[in-house]
Amino acid sequence: MWGKKWGWFESVAIVAGLGMVGVVLQLSVGAIPHNAFVSPVNIVGGSVLVAIIILCFTILYKYNKKTPLAFFAGGKATLSSMAALLLVLVLMGFTKQIPVSMGIELTHPIHRIGLSHILSTWYFLILYLYLLFVLGFVIINRVIRIKANLRDIAFVMNHIGLFITLFFGMLASADLQRYRMHTDTESDYPEWRGIDNITGQVVDLPIAIDLLSFDIDEYPPKLMIIDNNSGKPLPLQRAESLSLEAVPTEGMIDGWQIKVKEYLPYSAAVATPDSLVFREFRSLGAVQSAKVDVRLNEDSVLSGWVATGSHIFPYRSLKLTDSVSLVMADPEPKQYSSRVVLYAQNGDTDSATIKVNQPLRYKSWYIYQLNYNREQGRWSTMSEFELVKDNWLWGVYIGFAMLFVGAAMLFMSPLPKPDNEKELKNE
Amino acid sequence: MIDLLPLLDWTDFVYFATPTFLLLVVSVVSALMSKRSLAIVAGALAVVVFAFFIGGMWHSLQRPPLRTMGETRLWYSFFVIIAGLIVFVRWRYKWILSFSGLLSTVFMIINIAKPEIHSKTMMPALESPFFVPHVISYIFAYSMLAAALIMGIYIIYNRRKNSSIEIDKMIHIADNLVYTGMSFLMIGLLLGAVWAKIAWGTYWGWDPKETWAAITMLSYLLYIHHRVYCPKRFEVSFLLLIISFLFLQICWYGVNYLPSAQNSSIHMYGM
Ligand code: HEM
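None of these values were measured; they are calculated from a predicted model.

Novice: What is the right way to read the overall build of chain A from this model?
Specialist: A tally of regular secondary structure across chain A gives nine helices and 17 strands. Its C-alpha atoms give chain A a radius of gyration of 31 Å, more than 25% over the compact-globule value 22 Å for 427 residues. In chain A, which comprises 427 residues, the proportion classed as buried is 46%. Looking at chain A alone, contacts between residues at least 24 apart form 60% of all its contacts between residues at least 6 apart. Looking at chain A as shown, the accessible area adds up to about 22500 Å², and 60% of this sits on carbon and sulfur atoms. In chain A, 37 positive and 38 negative side-chain charges are present, and the distance between their average locations comes to 13 Å.

Novice: Looking at this structure, how should I read the interface of chain A and chain B?
Specialist: As a measure of interface size, the accessible area lost when the parts come together is often cited. Opposite the 57 residues of chain A that make contact, chain B presents 57 residues. Taken together, the two surfaces of chain A and chain B that pack against each other cover about 5000 Å², and 69% of this comes from carbon and sulfur. Taken together, the connections running from chain A to chain B amount to zero salt bridges. At the level of elements, α3 (75–94), α7 (150–175), β13 (333–344), β16 (365–372), β17 (382–389), α8 (393–412) and α9 (418–425) of chain A are the ones that each hand at least two residues to the side of chain A that touches chain B.

Novice: How do you make sense of the domain arrangement of chain B when you look at a structure like this?
Specialist: Residue and element names in this part refer to chain B. For chain B, the assigned domains read domain 1 (1–122) and domain 2 (125–271). Distance from the C-alpha centre of domain 1 to the C-alpha centre of domain 2: 21 Å. Contact residues are listed per partner, giving 25 residues for domain 1 and 27 residues for domain 2. Considering only the side of domain 1, the residues that lose the most area to domain 2 are Met69, Tyr76 and Trp91, jointly responsible for 25% of the buried surface there. Where domain 1 meets domain 2, there are zero salt bridges.

Novice: Got a minute to help me understand the site of the ligand in this structure?
Specialist: Not every one of the 22 residues close to the ligand is listed here, only the nearest: Arg142, Arg151 and His159 of chain A together with His225 and Tyr229 of chain B. The residues that come close to the ligand belong to more than one chain, namely chains A and B. One of the side-chain nitrogen or oxygen atoms of Arg142 of chain A is found 3.0 Å away from an oxygen atom of the ligand. Elements that contribute at least two residues to the shell around the ligand include exactly α3, α6 (122–143), α7 and α8 of chain A together with α6 (164–200) and α7 (208–229) of chain B. When grouped by side-chain class, the residues that make up the shell around the ligand number 15 nonpolar, five polar and two charged.

Novice: It is not clear to me how the side chain of His134 of chain B should be interpreted in this structure. Could you clarify?
Specialist: All names here are of chain B. Within the fold, His134 resides in helix α5 (residues 131–158). A polar contact of 2.8 Å, which involves the side chain of His134, links it to the backbone oxygen of Gly188. Aside from chain neighbours lying at most four places away, what touches His134 is Gly188, Leu191, Gly192 and Trp195.

Novice: Help me out: how do you make sense of the sheet that holds strand β12 (residues 324–329) of chain A in this one?
Specialist: Pairing between the strands of a sheet comes from backbone hydrogen bonds, and it takes one of two forms, parallel or antiparallel. Residue and element names in this part refer to chain A. If you walk across this open sheet you meet the four strands as β5-β4-β12-β11, and the pairing is antiparallel. Of all the strands in the sheet, just β5 (242–243) and β11 (318–319) have a single pairing partner and so form its edges. For strand β4 (residues 222–227) and β5, the ladder comprises two bridges, and the chain directions are antiparallel. In the strand pairing of β5, Lys222 is matched with Ser243.

Novice: Help me out: how do you make sense of the coordination of the iron atom of the ligand in this one?
Specialist: In an ideal octahedron of six donors the angles at the metal are 90 or 180 degrees, and in an ideal tetrahedron of four donors they are 109.5 degrees. Around the iron atom of the ligand, the protein supplies His159 of chain A (NE2) and His225 of chain B (NE2) as donor atoms, at distances of 1.8 to 1.9 Å. For the iron atom of the ligand, the six donor atoms in the first shell make angles of 87 to 179° at the metal, a pattern classed as octahedral. One end of the pair, His159 of chain A, is in helix α7; the other, His225 of chain B, is in helix α7, on a second chain. Neither His159 of chain A nor His225 of chain B differs from the other in exposure class; each is buried.

Novice: Just to check I follow, could you spell out the sheet that holds strand β2 (residues 191–196) of chain A for this structure?
Specialist: Residue and element names in this part refer to chain A. Here eight strands make up an open sheet; going across it, the order is β14-β13-β3-β2-β1-β17-β16-β15 and the pairing antiparallel. Since the sheet does not close on itself, it has two edges, and those belong to β14 (349–355) and β15 (360–362), each with one partner. The mean inter-strand angle of the sheet, taken between neighbouring strand axes irrespective of direction, is 35°. Sheet topology note: the β15/β16 ladder contains three bridges and is antiparallel. Bridge assignment links Tyr362 to a residue of β16, and that residue is Trp365.

Novice: Can you help me understand the nonpolar core in this one?
Specialist: Side chains of a nonpolar character, in soluble globular proteins, are inclined to be buried together. Residues and elements named next belong to chain A. In terms of nonpolar packing, the biggest core is built from 156 residues, with Phe72 and Phe137 touching the most fellow members. Those residues in contact with Phe137 that sit more than four places away from it in its chain are Ile53, Cys56, Phe57, Leu60, Leu69, Phe72 and Ala73. Ranked by size, the runner-up nonpolar core spans 18 residues in total, among them Leu244, Val260, Leu318 and Leu320.

Novice: Mind showing me how you'd approach the domain arrangement of chain A here?
Specialist: Here the domain parsing of chain A yields domain 1 (8–145), domain 2 (179–215 + 334–389) and domain 3 (220–331). Spacing between the C-alpha centres of domain 1 of chain A and domain 3 of chain A amounts to 60 Å.

Novice: How do you make sense of the packing of aromatic side chains when you look at a structure like this?
Specialist: Pairs of aromatic rings are described using the distance from one ring centre to the other and the angle between the two planes. If you walk through the whole model with that rule in mind, you get 45 aromatic pairs over all chains. Ring centres 5.3 Å apart and planes at 45° place the aromatic pair Phe133 of chain A and Phe137 of chain A in the tilted group. You can see Phe133 of chain A and its partner Phe137 of chain A sitting in helix α6, four residues apart, about one turn around the helix. Comparing Phe133 of chain A with Phe137 of chain A shows no difference in burial state: the two are buried. With centroids separated by 5.8 Å and ring planes inclined at 65°, the aromatic side chains of Phe99 of chain B and Tyr154 of chain B adopt a geometry described as edge-to-face.

Novice: Whenever I open this one, empty space enclosed by the protein confuses me. Can you help?
Specialist: If you roll a probe as big as a water molecule over the atoms, it shows you where there is empty space left. All names here are of chain B. By the definition in use, this model includes one cavity of 30 Å³ or more. There is about 50 Å³ of room inside the largest cavity. Around the largest cavity, the lining residues are Leu24, Ser27, Val28, Gly43, Ile81, Leu85, Leu97, Ser100 and Gly101. For the lining of the largest cavity, the elements supplying multiple residues, two or more each, are α1 (13–32), α3 (69–91) and α4 (96–113). Looking at the lining of the largest cavity residue by residue, the class counts come to five nonpolar, four polar and no charged.

Novice: Teacher, can you tell me more about α4 of chain B here?
Specialist: Because an α-helix completes one turn every 3.6 residues, residues spaced three or four positions apart along the sequence face the same direction. Residues and elements named next belong to chain B. Here α4 is 18 residues long and its end C-alpha atoms lie 26 Å apart, about the 26 Å a rise of 1.5 Å per residue gives. Inspection of α4 places Ile96, Leu97, Ser98, Ser100, Gly101, Ser104, Thr105, Phe107, Met108 and Asn111 among the buried residues, and these make up the whole buried set. Along its buried surface, α4 packs onto α1, α2 (36–61), α3, α5 and α8 (234–252).

Novice: Which parts of the structure should I look at to understand the pairing of β12 of chain A?
Specialist: Regular strands place side chains that alternate from one sheet face to the opposite one. All names here are of chain A. Of all six residues making up β12, five are buried, and the element is well covered by its neighbours. One ladder, built from six bridges, connects β4 with β12; its direction is antiparallel. Note that in β12 the partner of Leu223 across the bridge is Met328. As judged from the two bridges shared by β11 and β12, these two strands associate in the antiparallel manner. Residue pairing for β12: Lys319 is matched across the bridge by Ser325. Counting the residues that bridge the hairpin from β11 to β12 gives four residues.

Cut-offs used in this document
- Residues numbered from 1 in each chain as written.
- Chains lettered and ligands numbered in written order.
- Predicted model: local features only at pLDDT ≥ 70, side-chain atom pairs only at ≥ 80, totals over all residues.
- Heavy atoms only, no water.
- Helix = DSSP H or I, 4+ residues; strand = E, 2+ residues; numbered from the N terminus.
- Rg over C-alpha atoms; globule rule 2.2 N^0.38 Å.
- Buried < 20%, exposed > 50% of the residue type's maximum accessible area, 1.4 Å probe, protein only.
- Contact = heavy atoms within 4.5 Å.
- Areas by Shrake-Rupley, 256 points an atom, 1.4 Å probe, with all protein chains shown as cover.
- Lys, Arg positive; Asp, Glu negative; His and termini not counted.
- Charge placed at Lys NZ, Arg CZ, Asp CG, Glu CD.
- Buried area = accessible area lost by both parts, 1.4 Å probe.
- Salt bridge = Lys/Arg side-chain N within 4 Å of Asp/Glu carboxyl O.
- Domains from an automatic or database assignment.
- Near = heavy atom within 4 Å.
- Polar contact = N/O pair within 3.5 Å; in protein donor to acceptor, adjacent residues only side chain to side chain.
- Nonpolar A, V, L, I, M, F, W, Y, C, P; charged D, E, K, R; others polar.
- Pairing = 2+ DSSP bridges.
- Donors = N, O, S within 2.8 Å, 3.2 Å for Na, K, Ca; no water.
- Tetrahedral: all angles 85-135°; square planar, octahedral: opposite > 155°, others 65-115°.
- Axes fitted to C-alpha atoms, helices over the stretch in contact; angles between N-to-C directions.
- Core = buried A, V, L, I, M, F, W, Y, C linked by side-chain atoms within 4.5 Å.
- Phe/Tyr/Trp six-rings, centres within 6.5 Å; stacked < 30°, edge-to-face > 60°.
- 1 Å grid on protein atoms, 1.4 Å probe; cavity = no way out; pocket = protein on both sides within 12 Å on 5 of 7 lines; lining within 4 Å.
- Points joined across faces, edges and corners; volume = space filled by probe spheres on them.
- Expected span 1.5 Å × (residues − 1).

Structure, rendered in structure tokens:
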């Protein structure tokens, strides 16, 4: 067998065999726990993989392609390793994925074999490592006779870029730390406790956050007509609405002619002898309200107030008929922002405004705006952050940068004409 | 600032889709009659008319029209025309305009029949400089890969009739389209990954849409490498091209209907 060139049969046999080993391990040992490969296990494992690739390649080089090891730098290994991983990913795409911690406890065969949490299965890990192994081989095999032309540089960027990305991505997935932290403007001291996203445990973090203020920037609210029974906006197929961007304004919703005469972004209800009206009110719990005229028929107009609710005041709708009402929908948020001061264990401090899409960075920590007290809405004094620490981000980003250049070159570099492509194949 | 762009919305689409369609017909007919420059000019005008509508939508929505399926279909129609023109200009392949024109028209008709009206609001996570280039890269890649599939079908269909040199030339075009498509898939993916890191902390979360994006990429990589290693077996490559394209459809909108992805994807298009 040694010395003979391996072909399609062997390439399929290898991935099938590796897959089987993975399945057997899965059934006997069970899923890989999320923290099985935290450093230094992942670092050791990663270095061993790179060492194996280099060692195997050296052997191959010494025996001058006579050994079947040459196979791993070839097309059949490439195609089969990609196809095997693709197959596993397609399975994953078609099955609902749940967290491992949940899947481990379930006994249905789907869970036992890991289909519901494929990323934590042995066969996924093994086939991923095999792809990396082949890719590493392919890279060395080509790099040792590299030429400084566009095509070879594109090859290096795409293949080494992918190797680096997949390699550091693997290290990172074991080491990534994510915590949630609740802060409150009313609190007298900074918060340093975080809830681990995976274990749910409360831990002391090396950084603390003091929330100075929390704000929501909202879109102008909208008026809608809803069905009184179902509460659904009308018309059912495509709900219509009237935005209060510029007041006074008027428009049609589901055939009703509506005139908005007054709009108060901060207001509260005040009872007068014969009705309820809204007046400007600028403190906790204030709601948005609008005074409207709705034409009921040829000669009658209904006048009244509609308002959003808050955690203190109920919302107010205007009943047009027994079956429909005019309401003011809760305004949609445009941006959330928290003004914070950050304190690090070593004495560093920093202050910033954290927004969605604008995290605060401190060393390898990123702090994200996550949530707030939904019930209190814009009056929320609570702001929830997510703190993420990824020690391997730099590695993944190097890979990304190379892949980016590679992609640009893939687009720009001319492919060989069909004629000279043939000679490329015949080595 | 002078406002060059009018405020347009979906009801105006017909008035732009119709001239675009007519220009496409002129372009296709001229190409088939070997009137090359007329074909290019008419095609380019179609692009301009269409771009004008997209610009007007953008202007009136006060956000890029990239949020609903209908809005992304708009860009798809637009880029398919461009993809066809690029192939036509670069490789002088006159049939491509008929296919790209047809595909673009189908998507325009869907958008006239089923416009997806949407309010101006945009959730905070989308307020990012990465949003527009990310989605546009993807949609551009989708149209390139659609053009590649059309090429592939044409090749398989005409295998016997044409000389092998001509077939080789067409396969070469298909390969180029896949390379271009793949390159934009990769750019779109990387932009999306960096954006995700900035918006919510992980560049890759194996959300269903992301899983299908990985599947699509891997599948097109199989095509590319199969072409490199087995250049004589185009039928097999063609099969990979079809499968990859199906995966791409799942990735684009199929995940919205996939039972395994219900309630779990953060990338759902607003409906
Ligand atoms: C980002 C991902 C990838 C891209 C864009 C890519 C692209 C390409 C392209 C365009 C070629 C042919 C052109 C050339 O020879 O320069 C090629 C060749 C090759 N690729 Fe990839 N590839 C990728 C990933 C992979 C992976 C994961 C493997 C292996 C598991 C692999 C194995 C190979 C091999 C063996 C060759 C032939 C090399 C040679 O002729 O020396 N590639 N790749």
